[in-house]
Amino acid sequence: MMNQNGRPTRPEAANAAETVGTFTGNAALDIEEPLIFEVGTNEATGVDLPDPAPVTSRLGGHARKTAVNLPGLTEPETMRHYVRLSRQNYAIDLGLYPLGSCTMKHNPRLNEKMARVPGFADIHPLQPLATVPGAIELMAELSHWLMEMTGMAAVALSPKAGAHGELCGMMAIKAALKARGETRSKVLVPESAHGTNPATAALLGYSVVSIPARADGTVDVEAVRERLDEDVAAIMLTNPNTCGLFERDIVEMAEAVHAVGAYFYGDGANFNAIMGKVRPGDLGIDAMHINLHKTFSTPHGGGGPGAGPVVLSDKLAAYAPLPYLRMEAGGAVLVEHPSDTEAEAHPFGRMTAFHGQMGMYVRALSYMMSHGEDGLRQAAEDAVLSANYVKARLADVMTVAYPERPSMHEVLFKDDFLDGTGVSTLDFAKAMIDEGFHPMTMYFPLVVHGAMLVEPTESESRASLDLFIATLRDLAMAASNGQVERFKQAPQHAPRRRLDETRAARSPSLRWTPPEPRSIEPAEAAE
Ligand SMILES: *Cc1c(COP(=O)(O)O)cnc(C)c1O
């Protein structure tokens, strides 16, 4: 089925007689939406502007001669275009979003309300500091909560995502080594690590030494020891790790790392599982980013910005980038320039032009303060409970990757239960779309075959978890009962079916070309 612009739209049933095509390409009230360039005309506009006053061109004959071909839409057309697109977007506000490692939790509207308070929303980073004491105080309060929760000495607020935070923390480590007159060349990264860990190390010129996973999914302290020497700058480790397991030997690992003069970088993206329960500083971690957009809510993914503040131990605090906050008797002072730093501070530079994501600071602090100490701890406990509930209820029909250990906030399955069914992890995920669920994280971490990583978070009700579980049970049983077509054809009910994702990534089509006009009048040749 093609739409009026000649692009494929609705799925076609395998049997042509059952084809559910419609004239418009719409199905019931689910409306097919073309690209904005394909609707409207060049003449239409949503605004009335007075004709420009005559100008003398100073472009020396380089003025554009042809129309720019911007899409021309009336105001209602514009409104409909974006509202229709927004209805095609899956969101945490629509349903359960079990993407493991991403912590897709409910974003309380209170946070949004706070972020829109004009004193926070309408300020400019170049405004004199004397006019924004409230914003500085908020940043100081957020820093206080982050340091308190992690047991660390300092925080660099400005990094704009987890990966950016990793870069910041590793740059602080590099600066600390340089101050000791050392250049080390290696960084240890477990096999199960998020791809950003080795990427960060490589970007800073380190060679990445991989640590194999133990059969139980955790990192073996002996394997770490074997790879440690005076040329290792740091280890980068996630705890709980990306298999959803708590690394019990982390203290021993930290001691071994410190014994050769290296630093311990903790990837804090999974902090949701342990906030209020464990302080990373007590485990021996020297630097750790916190994904405010994961642990402390805030829409992310397609829907919003990130913020990845980095907490630093006292060994690294002096190397925190500018700008940073200095606590003085009269309150916090924002140190922005190298000339304003105290004698013992050696900032390695700066990560961002300004101060970071102010709107996210407000949301995160609003989340923290509304939960309070006990509420944050309960959020972590409930997140772990939800994951273990999902695991317990699915263990007989899906293959739990590491059944011998309790899960933390996410549960990892592998594809053994699909062996011999002809259904792959990808097919299984696509069938979840037909059932109205966003798939879980697939094929990550790489340490198990056909990985499916489910993170339900604390914000799902029991009823919501039960429906999710029942759906996965139904799918697992359908696969083992030989209903292969249900999976191979999936998604059958989505606006688009299987896309060639590899081709889309490898050779993206970035330039729009006008489609051939398609006539709805009887073709002349037919007469
Ligand atoms: C999400 C995540 C990151 C990267 O964070 P971004 O904010 O997406 O850059 C790093 N490590 C782990 C384990 C993650 O889950």
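Keep in mind it's a predicted model, so treat the numbers as computed, not measured. In this numbering scheme, every chain counts its residues from 1 along its sequence in written order. Where local features are concerned, this predicted model is filtered to residues with pLDDT of at least 70; where side-chain atom pairs are given and counted, the filter is 80 or more; whole-chain, interface and lining totals use all residues. With hydrogens and water set aside, each side-chain value is computed from the structure's full complement of heavy atoms.

This brings us to the pairing of strand S5 (residues 263-267). For the exposure calls, accessible area comes from a 1.4 Å probe over protein chains only, and a residue counts as buried if that area is under 20% of its type's maximum, exposed if over 50%, partly exposed in between. Only DSSP runs of H or I reaching four residues or more are called helices, and only runs of E reaching two or more are called strands; each is numbered from the N terminus. In terms of burial, S5 is a largely internal element, five of the five residues being buried. Neither face of S5 is exposed, since Tyr263, Tyr265 and Asp267 on one face and Phe264 and Gly266 on the opposite face are all buried. Between any two strands, pairing holds if DSSP finds at least two bridges. Pairing of strand S4 (residues 232-238) with S5, which is carried by five bridges, proceeds in the parallel orientation. In the strand pairing of S5, Leu237 is matched with Gly266. Here, the term right-handed applies to a crossover whose path from the first strand over the helix to the second runs clockwise when the strands point away from the viewer. Each parallel crossover has a hand, and for S4 linked through helix H8 (residues 250-259) to S5 it is right-handed. Pairing geometry for S5 and strand S6 (residues 287-289), over three bridges, is parallel. Directly across from Tyr265, in S6, lies its bridge partner Ala287.

Attention shifts here to the pairing of strand S8 (residues 324-328). Relative to strand S9 (residues 331-335), S8 is paired through five bridges, and the arrangement is antiparallel. Across the sheet, Tyr324 pairs through a bridge with Val335, a residue of S9. Between S8 and S9, which pair antiparallel in sequence order, lie two residues.

Take the domain arrangement of the protein chain next. Domain boundaries in the protein chain define domain 1 (35-49 + 68-88), domain 2 (110-121 + 130-367) and domain 3 (374-506). Across the interface of domain 2 and domain 3, roughly 2,000 Å² is buried in total on both sides, 62% from carbon and sulfur atoms. The term buried area means the drop in 1.4 Å probe accessible area that two parts suffer when joined, counted for both and summed. Of all residues in domain 2, Cys243, Asn272 and Ala273 bury the most surface against domain 3, accounting for 23% of the area lost on that side. For salt bridges, the criterion is a side-chain nitrogen of Lys or Arg within 4 Å of an Asp or Glu carboxyl oxygen. Seen at the junction of domain 2 and domain 3, the total is two salt bridges. For this analysis, a polar contact is any N or O atom pair within 3.5 Å, provided that within protein one partner can donate a hydrogen and the other can accept it, and provided that sequence-adjacent residues contribute only side-chain to side-chain pairs. The tally of links between domain 2 and domain 3 comes to seven residue pairs in polar contact (both at pLDDT 80 or more). Three classes are used: nonpolar for Ala, Val, Leu, Ile, Met, Phe, Trp, Tyr, Cys and Pro, charged for Asp, Glu, Lys and Arg, and polar for all others, with Gly counted as polar. In the side of domain 2 that touches domain 3, the residues fall into 14 nonpolar, ten polar and four charged. Domain delimitation follows an automatic or database domain assignment.

Here the focus is the nonpolar core. For our purposes a nonpolar core is just a set of buried Ala, Val, Leu, Ile, Met, Phe, Trp, Tyr and Cys residues, chained together by side-chain atoms within 4.5 Å. The biggest cluster of nonpolar side chains holds 60 residues, and the ones touching the most others in it are Leu142, Leu146, Val224, Leu292, Phe296 and Met368. For this core, the element with the most residues is helix H11 (residues 358-394), which contributes twelve residues. Shared between two domains, this core holds at least three residues of each, these being domain 2 (110-121 + 130-367) and domain 3 (374-506). Leave out the neighbours within four places in its chain, and Met368 touches Leu142, Trp145, Leu146, Met149, Phe296 and Leu376. Two residues qualify as a contact provided that any one of their heavy atoms is within 4.5 Å of a heavy atom in the partner residue.

Under the 1.5 Å per step criterion, the end-to-end length of H11 is only 41 Å for 37 residues, more than 12% shorter than the ideal 54 Å. We define the bend at each residue as the angle formed by axes fitted to the 7 residues ending at it and the 7 residues starting at it. For H11, the principal kink sits at Gly372 and spans about 100°. Helix span, expected: 1.5 Å multiplied by one less than the number of residues in the helix.

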